[in-house]
Every structure is written in C-alpha cells, then in structure tokens.
Amino acid sequence: MNNKSYLYSYLLTLIGGVLLVVMQGRENLFQAIAIIVGLLFLIPGIATLFRVFFPSKVAKMAGERPGAGLVVVAAASTIFGIILVVAPHLFVNFMVYAFGTLLIICGLVQLFNFLPGLSNLGLPKWYLATPILSVLIGILIMVIGADKILNILALITGIVLIVYSVNGLIGFTDRSKRVKHGGVTGRVVNIE
C-alpha cells in the first residue's frame, strides 16, 4: 500500500466507526448491515453473470470464453446476496462474529505494522496499546457471543474503530513528519 492508501483506509475506518456509534441504538441496524453486505455480493454477481451470458461484441470476436469457476463464483455470489437481502435476520448473529474478527484483524495488522518500525522511527510504545486492545476486544466479543453482546456491539465496534483510526492517523502523520525532516534511522516501514 502506498501512503495515500493508508490515509484513505484510516479515514474510511474512522467514518465507519463514527456511523456505528451514531447509529448504534437504531432498530434493525444489523439487518440493514446484512442487506448492504448482500447488495455488495449481489450486484457484482449479477454483473458478472450478465457479462458471461451476454458477452460484448469485442469479447465474442476475441473468442473469449468464461471459465466454469467464474460462473460458479458469480452464481454463488448472486445467490448469497439474494439470501442476505431477502432474509437478513438469519445472519444477525453471524455479524457479531464478523465484527469480532474485523477488530482482531485490524489490531493484528496495525500491531505487525507498528512493531518493526517502533525503534527505527522512534515511535512511542503507547502506539501498541490500541492494536492490542482491538485484538482483546475482538476476542472478548467472540467469547461473549451474539445473544449477550448484540445490543452494545455497534457502540463497542464503533468506538474501537474510531480509536484505531485516530491512532493510525497519528502514526501516519508522525511517520510522515519524521521522514520529511530526516529524523528516520534505519529502514522506513509503512505504518497502518
């Protein structure tokens, strides 16, 4: 990832965290999220199937033939998307584990990106607190389970994503300043 990619990912994570905190008390929030995820599967699946069954003139002239794997994946994506859109309530409990997994992955990615550069960039050790807390909260969410934590899941996840984003933006800014002013020793690592 280049530096702009890191910046954009932190900004999108920040926006997602803020939206989760603001929307956390809404009825059927997780069903709405399931429908949105369903649309993210459904639209590309239908578009791919459309291109497979109705190829463009250029594709026909070039003799392009879609592979069986592409058709299977597009069909599966379409079917899964339809199920998520039509029956989102079936997936609400799975969302809890998806959010827990998301927090664990975010924490691990940031932790693995901070650790190698901590001494080289002269970053303070408190940068590690946020990714460690993110991993621990993700594990806690998965251990507690859907029935007990669903009511506060959006708030917890939103807060963790906001803190994760702010921590990443601070690290990104600090790293950029150090690189710009020549205060970096050793190799330069990207911080996420």
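Structure first, text after, so check above.
Residues numbered from 1 in each chain as written. Predicted model: local features only at pLDDT ≥ 70, side-chain atom pairs only at ≥ 80, totals over all residues. Heavy atoms only, no water.

Things to note about the overall build of the protein
We apply this condition: Only DSSP runs of H or I with at least four residues qualify as helices, and only runs of E with at least two residues qualify as strands; both kinds are numbered from the N terminus onward. Buried means the residue's accessible area, taken with a 1.4 Å probe over protein chains only, is under 20% of the maximum for its type, while exposed means over 50%, and partly exposed covers the values in between. By the convention used here, residues are in contact when the closest approach between their heavy atoms is within 4.5 Å. Using a 1.4 Å probe, accessible areas were evaluated by the Shrake-Rupley method; residue-level cover was limited to the displayed protein chains.
If you tally the helices and strands in the protein, you get 7 helices and 0 strands. Ordering the α and β elements of the protein from the N terminus gives α-α-α-α-α-α-α. Here the protein, with 192 residues, has 37% of them falling under the buried criterion. Within the protein, counting contacts between residues at least 6 apart in sequence, those at least 24 apart form 81% of the total. Of the roughly 11,300 Å² of accessible surface on the protein, 72% is carried by carbon and sulfur atoms.

Comments concerning the environment of Ile139
Tracing the sequence through the fold places Ile139 in helix H6 (residues 129-144). The spacing of Ile139 and Tyr97 is 42 residues in sequence and 9.3 Å in space, taken between C-alpha atoms.

Points about the environment of Thr173
Worth spelling out the cut-off: In protein, a polar contact requires one atom able to donate a hydrogen and another able to accept it; more generally it is a pair of N or O atoms within 3.5 Å, and residues adjacent in sequence count only if both atoms are side-chain atoms.
On the secondary structure map, Thr173 appears in helix H7 (residues 146-180). Judged by its relative accessible area of 37%, Thr173 falls in the partly exposed class. Sequence spacing of Thr173 and Leu7 is 166 residues, and the spatial spacing of their C-alpha atoms is 9.3 Å. At 2.8 Å, the side chain of Thr173 forms a polar contact with the backbone oxygen of Leu169.

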